[in-house]
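For reference, the chains in residue letters:
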Amino acid sequence: MGEKRVGEDSGYIFAGPTVERKRKVVKPGVILIDNHKQGVIVTENSDSPWHKATYYAHGSILSDAEGKFIRQVAFCETIDPDGDVTWSILWEPSEGKASYHFIVGTGKWKGIAGEATITGVTSRADDHTTPSYKMSWEIDEKNDETIPPFSPKGPYTNHATSLSFHGPHVTENIKELANGLKLIINTQLGVLVGEDSTVSNVLNPRGYAASYDKGVTVWSGDKRLADVMLLEDTDPDGDMAWLVHVWWYARGRGLYKFVGGTGKWEGIRGEGTTLGQLMKRTDDYHLLRSEIHWRIDDIS
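Residues numbered from 1 in each chain as written. Predicted model: local features only at pLDDT ≥ 70, side-chain atom pairs only at ≥ 80, totals over all residues. Heavy atoms only, no water.

*Asks:* When you look at the overall build of the protein chain in this model, what are you seeing that I'm missing?
*Replies:* Along the backbone of the protein chain there are zero helices and 18 strands. With the C-alpha coordinates of the protein chain rotated into their principal frame, the extents come out at 55 × 50 × 40 Å. When the 300 residues of the protein chain are sorted by exposure, 53% land in the buried category. Look at the contacts in the protein chain between residues 6 or more apart in sequence, and 54% of them connect residues 24 or more apart. As displayed, the protein chain has an accessible area near 14,000 Å², and 52% of this comes from carbon and sulfur atoms. (Helix = DSSP H or I, 4+ residues; strand = E, 2+ residues; numbered from the N terminus. Buried < 20%, exposed > 50% of the residue type's maximum accessible area, 1.4 Å probe, protein only. Contact = heavy atoms within 4.5 Å. Areas by Shrake-Rupley, 256 points an atom, 1.4 Å probe, with all protein chains shown as cover.)

So this is what it looks like as structure tokens:
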């Protein structure tokens, strides 16, 4: 086992303007704004995973019909000068501070877990912003076998299996790093239907839901290493649930963990795994089975 390392850091993100990609009405009075943002991170701590790192975030902002902020969640990728990468999830509720939760990393950041909390934001006349942050993190091999954050307050109370019918990964951007990694930023659309006859689809956050996935496929040479994705599921009522999906292909099953939700899925916590393909197809569409365990926590 490798030696466990811990650290703390503070600094700021020099972030470019929010670039709106598209918007849609999720339910009456709730607007979803799909967006992305780029920047660089400034910190004096050379041992930090964010030291001299580039910053890229692709996420969603929810607002009401008058433009009042409701929620923000985003998939975030930071790359240090050596080409080692960390991926995290930005979670910003309407009440409380925005925070980044580390999911997984490569190279010296393999086995990362931890959190960075935004302590303040300075706006500029050119639409750039400089959010300041405080961070604590650890490197531990055990973190590489799971998805570290978003723990529930108690045991899971619900279980369901689902079938997802997903389209191909649509490439948004390709980054080829000097250390041999190739990062394919991509999105994917799909629909989900619950399989378990004992669980109604309307009581399953992944039942009769539309899914919009955003993230990265990681390659080393001609070897596909992993997918790291933020999954955005919207049920027929317009209530939403977000999950992290990490799939290291050489290790077997992919992993899921719930980040949070809205409406009936507010306070959701849970996790799951892929169960394999229902059948192979000759095109680049996918029929994937999965299972999840979850509970709804009181977040008040």
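*Asks:* Would you explain the environment of tyrosine 56 in this entry?
*Replies:* Residue position: tyrosine 56 is located in strand 4 (residues 54-64). For tyrosine 56, a relative accessible area of 10% translates into the label buried. In this structure, tyrosine 56 is in contact with His36, Lys37, Gln38, Phe75, Cys76, Glu77, Lys175 and Ile185, ignoring residues within four places of it in sequence.

*Asks:* What is the right way to look at unusual backbone geometry in this model?
*Replies:* For residues that are not glycine, phi is negative in most cases, and the peptide bond is trans in most cases. One non-glycine residue with positive phi stands out, namely lysine 52, at about 55°. One non-glycine residue, aspartate 127, lies in the positive phi region at around 75°. For aspartate 127, the location among the structural elements is in the loop between strand 8 (112-123) and strand 9 (129-139).

*Asks:* Would you take a moment to explain the nonpolar core for this structure?
*Replies:* Burial of nonpolar side chains together is a common tendency in soluble globular proteins. Core analysis: the biggest nonpolar cluster contains 31 residues, and Trp87 and Ile89 have the highest contact counts within it. Among the elements that make up this core, the one with the highest residue count is strand 15 (residues 240-248) (five residues). For isoleucine 89, the contacting residues outside a window of four places in its chain are Val73, Ala74, Phe75, Ser99, Tyr100, His101, Ile103, Phe150, Leu230, Val244 and Val259. In terms of nonpolar packing, the next biggest core, distinct from the first, is built from 21 residues, Ile41, Trp50, Trp109 and Ile139 among them. (Core = buried A, V, L, I, M, F, W, Y, C linked by side-chain atoms within 4.5 Å.)

*Asks:* I keep staring at the packing of aromatic side chains and nothing clicks. Help me out?
*Replies:* Considering all chains together, one arrives at eight aromatic pairs under this definition. Ring geometry for tryptophan 50 against tyrosine 100: centres 5.4 Å apart, planes inclined by 90°, an arrangement best described as edge-to-face. A residue pair is termed long-range when its members are at least 10 positions apart, and tryptophan 50 in the loop between strand 3 (30-42) and strand 4 and tyrosine 100 in strand 7 (residues 99-105) qualify at 50 residues. Arranged with centres 4.9 Å apart and planes meeting at 75°, the rings of tryptophan 50 and tyrosine 133 form a pair that is edge-to-face. Placement of the pair is tryptophan 50 in the loop between strand 3 and strand 4 and tyrosine 133 in strand 9, with a sequence separation of 83 residues. The exposure class of tryptophan 50 is buried, given its relative accessible area of 0%. The rings of Trp50, Tyr55, Tyr100, Phe102 and Tyr133 are connected pair by pair, giving a single aromatic cluster. The ring of tyrosine 212 carries the charged tip of lysine 22 above its face, separated from the ring centre by 4.8 Å. (Phe/Tyr/Trp six-rings, centres within 6.5 Å; stacked < 30°, edge-to-face > 60°. Lys NZ or Arg CZ within 6 Å of the ring centre and 35° of its normal.)

*Asks:* Is there a simple way to think about the pairing of strand 14 (residues 223-234) in this case?
*Replies:* Two faces belong to every sheet, and in a regular strand the side chains alternate between them. Burial runs high along strand 14: nine of the 12 residues are buried. In terms of strand pairing, strand 13 (residues 209-220) meets strand 14 through 11 bridges, oriented antiparallel. Each bridged residue has a counterpart across the sheet, and for alanine 210 the counterpart in strand 14 is threonine 234. Two elements, strand 14 and strand 15, share nine bridges in a ladder whose sense is antiparallel. Residue pairing for strand 15: alanine 226 is matched across the bridge by tryptophan 248. Counting the residues in the hairpin turn of strand 14 and strand 15 gives five residues, including glycine 238, whose phi is positive at 85°. (Pairing = 2+ DSSP bridges.)

*Asks:* So what exactly am I meant to see when it comes to the pairing of strand 5 (residues 69-79) here?
*Replies:* Of all 11 residues in strand 5, nine are buried, a share of seventy percent or more. The sheet contact formed by strand 4 and strand 5 spans 10 bridges and is antiparallel. For isoleucine 61, the partnering residue across the bridge sits in strand 5 and is glutamine 72. With antiparallel pairing between neighbouring strands as the criterion, strand 4 and strand 5 make up a hairpin whose turn holds four residues, including glycine 67 at a positive phi of roughly 95°. In this sheet, strand 6 (residues 85-93) lies alongside strand 5 in antiparallel orientation, the contact comprising nine bridges.

*Asks:* Can you help me understand a nonpolar patch on the surface in this one?
*Replies:* There is a patch of nonpolar side chains on the surface, built from Phe165, Val191 and Tyr285 and spanning about 250 Å² of accessible area. Along the chain, valine 191 falls in strand 12 (residues 181-194). Residue valine 191 is classed as partly exposed on the basis of its relative accessible area, which comes to 44%. (Patch = residues over 30% accessible without salt bridge, like charges linked within 9 Å, V, L, I, M, F, W, Y side chains within 5 Å. Salt bridge = Lys/Arg side-chain N within 4 Å of Asp/Glu carboxyl O.)

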